[in-house]
Amino acid sequence: MNQRLNRWFQIDEHNSTIKKEMMAGMVAFFTIVYIVIVNAAILSDAGIPLVAGIIATVFVSFLGSMIMGLWANAPILLVPGMGINAMFVYTFVHSMGLMWQEALAVVVLSGVIFCVIAFTKLAPIITESIPTSLKEAIAVGIGIFLTFIGLQQGGLVISDESTFVTLGNISEANVIVTIVTLFVAVTLFIRQVPGNFLISIVFGTVLAYFLGVLGTGEATSMSLAPYGEVFFGFSFSSWMTIAFMAATFSLVMVIVFENIGLIHGHLNMVGAPHKYKRTLQANAVSVLSCGFLGTSPTVATVESAAGIAAGGRTGLTTITTGFLFLGSLFFIPFITMIPPSAIAPVLIIIGGLMMQNIQKINLNDFSEGFPAFLVIVLIPLTYSIADGIAFGFVAYPLLKLLLGKRRELNTPLVIISTLFFLNFVLQIWSGG
């Protein structure tokens with residue numbers, strides 16, 4: 001058995017051992033397992049039942065790990081992406097008016113397009129054509145958006161008729177849980193305690209229990225029955241609408257930019273840039289599966305770095321993590337007891353981490369900085385990742401042309417910007 005594993009994953013060639021790879025997979029799992037409840041909680045805001053969302057998250061995380069491990073032999077985890085899940089819920093469903101079934105169809109179509117890009121020469125062409133300022137601005141804007149969502153879920157920010165938003169009642173039990181858990185989570189994260197997010201969620205849940213604000217606990221036993229509603233639950237009933245087409249275009253742009261950047265970074269960490277093509281292909285197939293299995297798209301998560309740091313060098317690391325994800329299904333009754341106030345701090349911290357990308361934006365050049373600024377502020381203020389991105393992409397070529405910097409533009413970028421502009425025109429023409 002050991003010889004087969006060694007031969008299949010080329011463990012000796014990677015200067016690793018089976019034990020080290022499996023231990024790295026366990027470390028990676030406890031670093032990323034928080035996504036099971038966090039992603040499901042966000043999806044529930046779109047109308048997807050919480051338990052069904054948990055099961056869908058587990059299944060795509062397991063399948064993504066299998067695809068990545070067996071096809072690309074890379075220690076990169078594929079789980080539903082933070083930020084992209086917010087785009088799925090708050091942009092496609094809440095802002096654009098799609099039903100969650102139609103939003104899943106958007107994921108299916110986006111996955112097909114991503115596969116076409118990943119299995120052809122389109123990936124490097126698209127990546128190289130988009131300015132760094134816009135790519136990094138998307139990450140920053142999504143980070144602020146996630147923080148805003150976390151503040152809302154934790155009760156720290158509430159709606160207000162005169163000022164739109166205001167500070168919540170900090171004497172309420174759920175807000176107290178959010179604040180205390182946030183301090184614990186930040187401390188654990190700064191100290192680089194393994195499984196810091198998982199530990200903070202458990203702490204917040206225990207505190208919520210004593211203060212009487214636990215989650216619904218709607219699942220009393222481990223049952224896959226609720227999952228039937230979302231499995232192959234996508235619907236193409238609105239595929240001819242402007243909203244559906246705009247959602248698909250925006251989602252493709254985000255998943256391509258985010259995944260290409262993350263994959264490059266992780267493969268450089270393990271000294272295996274030659275695995276890029278297969279890794280991107282595994283990622284694309286995983287995204288396609290998400291629409292069928294009932295969740296927002298997967299990404300090459302940043303938590304993969306934890307497994308790599310623990311010695312993971314091959315696909316055996318991700319496969320180990322995948323089977324551990326599958327085992328988490330037996331804890332569904334406990335997972336549904338986790339309250340939003342225990343999850344909110346994780347969203348706030350992840351948003352803060354994504355803010356670091358602003359350092360890569362050349363703010364001294366206004367023709368670079370202002371379009372990036374529009375992306376950053378309009379994503380959270382319009383409550384729409386797609387609209388925020390669109391404003392930045394339309395403004396970028398216009399500013400370059402007005403300032404006589406036409407040579408800094410390229411054909412693919414102009415085409416993408418024109419498509420975003422036409423999307424605005426179609427929305428105006430259709431009255432919304």
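Residues numbered from 1 in each chain as written. Predicted model: local features only at pLDDT ≥ 70, side-chain atom pairs only at ≥ 80, totals over all residues. Heavy atoms only, no water.

A. Here's a closer look at the overall build of the protein. For the protein, the helix and strand inventory stands at 19 helices and four strands. Taking 2.2 N^0.38 as the reference for a compact globule, 432 residues should give roughly 22 Å; the C-alpha atoms of the protein span a radius of gyration of 21 Å, in line with that estimate. Going through the 432 residues of the protein one by one, you find that 56% of them count as buried. Counted over contacts in the protein with a minimum sequence separation of 6, partners at least 24 positions apart contribute 80%. Summed over all atoms, the accessible surface of the protein reaches about 18,400 Å², with 68% contributed by carbon and sulfur. (Helix = DSSP H or I, 4+ residues; strand = E, 2+ residues; numbered from the N terminus. Rg over C-alpha atoms; globule rule 2.2 N^0.38 Å. Buried < 20%, exposed > 50% of the residue type's maximum accessible area, 1.4 Å probe, protein only. Contact = heavy atoms within 4.5 Å. Areas by Shrake-Rupley, 256 points an atom, 1.4 Å probe, with all protein chains shown as cover.)

B. Examining the pattern of salt bridges more closely. One pass over the structure, following the stated rule, counts three salt bridges. With its nearest N and O atoms 2.5 Å apart, the salt bridge here joins Lys-400 to Glu-408. By relative accessible area, Glu-408 is classed as partly exposed at 39%. (Salt bridge = Lys/Arg side-chain N within 4 Å of Asp/Glu carboxyl O.)

C. Representation of the pairing of strand β2 (residues 157-160) in the model. Two elements, β2 and strand β3 (residues 164-167), share four bridges in a ladder whose sense is antiparallel. The residue of β3 that forms the bridge with Asp-160 is Phe-164. Counted along the chain from β2 to the antiparallel partner β3, the turn is three residues long. (Pairing = 2+ DSSP bridges.)

D. Region of interest: unusual backbone geometry. Located in the positive-phi region is Asn-15, a residue other than glycine, with phi close to 55 degrees. Given the relative accessible area of 70%, Asn-15 is considered exposed. Its identity as a non-glycine residue notwithstanding, Asn-73 has a phi of 50 degrees, on the positive side. Here Asn-73 is to be found in the loop between α4 (50-72) and β1 (78-80). On the basis of relative accessible area, Asn-73 is assigned to the buried category, the value being 10%.

E. Summary view of the environment of Ala-103. Here Ala-103 lies in helix α6 (residues 100-118). Ignoring any residue separated from it by four or fewer positions in sequence, one finds Ala-103 in contact with Phe-88, Phe-92, Val-93 and Leu-98.

F. Inspection of the packing of helix α17 (residues 366-381) against helix α18 (residues 385-402) at higher detail. Between α17 and α18, the least distance of the axes is 7 Å, while the angle of their chain directions is 165 degrees. Between α17 and α18, the interaxial angle falls into the category roughly antiparallel. In this structure, α17 meets α18 at a crossing whose hand is right-handed. The segment α17 lies against α18, with Phe-366, Ser-367, Glu-368, Phe-370, Pro-371, Leu-374, Val-375, Leu-378 and Ile-379 engaging Ile-385, Gly-388, Ile-389, Phe-391, Gly-392, Ala-395, Tyr-396, Leu-399 and Lys-400. A breakdown of the residues in the contact of α17 with α18 according to their chemical character gives 13 nonpolar, three polar and two charged. (Axes fitted to C-alpha atoms, helices over the stretch in contact; angles between N-to-C directions. Parallel < 35°, antiparallel > 145°, perpendicular 65-115°, else oblique. Left-handed = near helix turned anticlockwise from the far one by under 90°. Nonpolar A, V, L, I, M, F, W, Y, C, P; charged D, E, K, R; others polar.)

G. The packing of aromatic side chains, seen in detail. Under the definition given, this model contains 22 aromatic pairs. Three or more aromatic residues link up through ring pairs in this structure, and these residues are Phe-59, Tyr-227, Phe-231, Phe-232, Phe-234, Phe-236, Phe-244 and Phe-292. Lying over the aromatic face of Trp-71, Arg-278 brings its terminal NZ or CZ to 3.7 Å of the ring centre. (Phe/Tyr/Trp six-rings, centres within 6.5 Å; stacked < 30°, edge-to-face > 60°. Lys NZ or Arg CZ within 6 Å of the ring centre and 35° of its normal.)

H. Geometry of the side chain of Ser-367. Tracing the sequence through the fold places Ser-367 in helix α17. Under the relative-accessibility criterion, Ser-367 is labelled buried at 1%. Polar side-chain contacts of Ser-367 include one of 2.6 Å to the side chain of Asp-365. Those residues within four positions of Ser-367 in sequence are excluded, and the remaining contacts are Tyr-396, Leu-399, Lys-400, Leu-403 and Lys-405. (Polar contact = N/O pair within 3.5 Å; in protein donor to acceptor, adjacent residues only side chain to side chain.)

I. Examining the side chain of Lys-275 more closely. Secondary-structure assignment places Lys-275 in the loop between α11 (242-269) and α12 (276-293). Despite being buried, Lys-275 has no salt bridge partner; Glu-21 is the closest side chain of opposite charge, sitting 8.3 Å away. A polar contact is formed between the side chain of Lys-275 and the side chain of His-14, at a distance of 2.9 Å. Of note is the side chain of Lys-275, whose polar atom sits 2.6 Å from the backbone oxygen of Asn-73. Contacts of Lys-275, omitting those with residues within four sequence positions, involve His-14, Ala-72, Asn-73, Ala-74, Leu-267 and Arg-313. (Lys, Arg positive; Asp, Glu negative; His and termini not counted.)

J. Region of interest: the nonpolar core. Counting 127 residues, the largest nonpolar core has Tyr-34, Val-38, Phe-88, Val-256, Phe-393 and Phe-420 as the members making the most contacts within it. When residues in this core are grouped by element, the largest group, 14 residues, is from α11. Not counting residues within four places of it along the chain, the set of residues in contact with Tyr-34 comprises Phe-197, Ile-201, Glu-303, Val-346 and Ile-350. Within the second largest apolar cluster, eight residues are counted, among which are Ile-11, Met-66, Leu-316 and Ile-319. (Core = buried A, V, L, I, M, F, W, Y, C linked by side-chain atoms within 4.5 Å.)

K. Quick peek at α11. With 28 residues, α11 extends 41 Å from end C-alpha to end C-alpha; this agrees with the ideal 40 Å at 1.5 Å per step. Buried residues dominate α11, accounting for 20 of its 28 residues. At the C-terminal side of α11, Gly-271 shows a positive phi close to 65 degrees. (Expected span 1.5 Å × (residues − 1).)

L. Spotlight on a nonpolar patch on the surface. Judged by side-chain polarity, Leu-109, Val-112, Ile-113, Val-116, Leu-122, Ile-125, Phe-236, Trp-239 and Met-240 come together as a nonpolar surface patch covering roughly 780 Å² of accessible area. Of all the secondary-structure elements, those providing two or more residues to the nonpolar patch are α6 and α7 (122-129). Among the elements that line the nonpolar patch, the one with the most residues is α6, at four residues. Among the structural elements, Phe-236 can be located in the loop between α10 (196-211) and α11. For Phe-236, a relative accessible area of 32% puts it in the partly exposed group. (Patch = residues over 30% accessible without salt bridge, like charges linked within 9 Å, V, L, I, M, F, W, Y side chains within 5 Å.)

M. Here's a closer look at the confidence of the model for the protein. The predicted model of the protein has a mean per-residue pLDDT of 88, with 96% of residues at 70 or higher. In the model of the protein, helix α1 (residues 2-9) stands out as the element of lowest mean pLDDT, 77, in contrast to α6, which has the highest, 96. (pLDDT = per-residue confidence, 0-100.)

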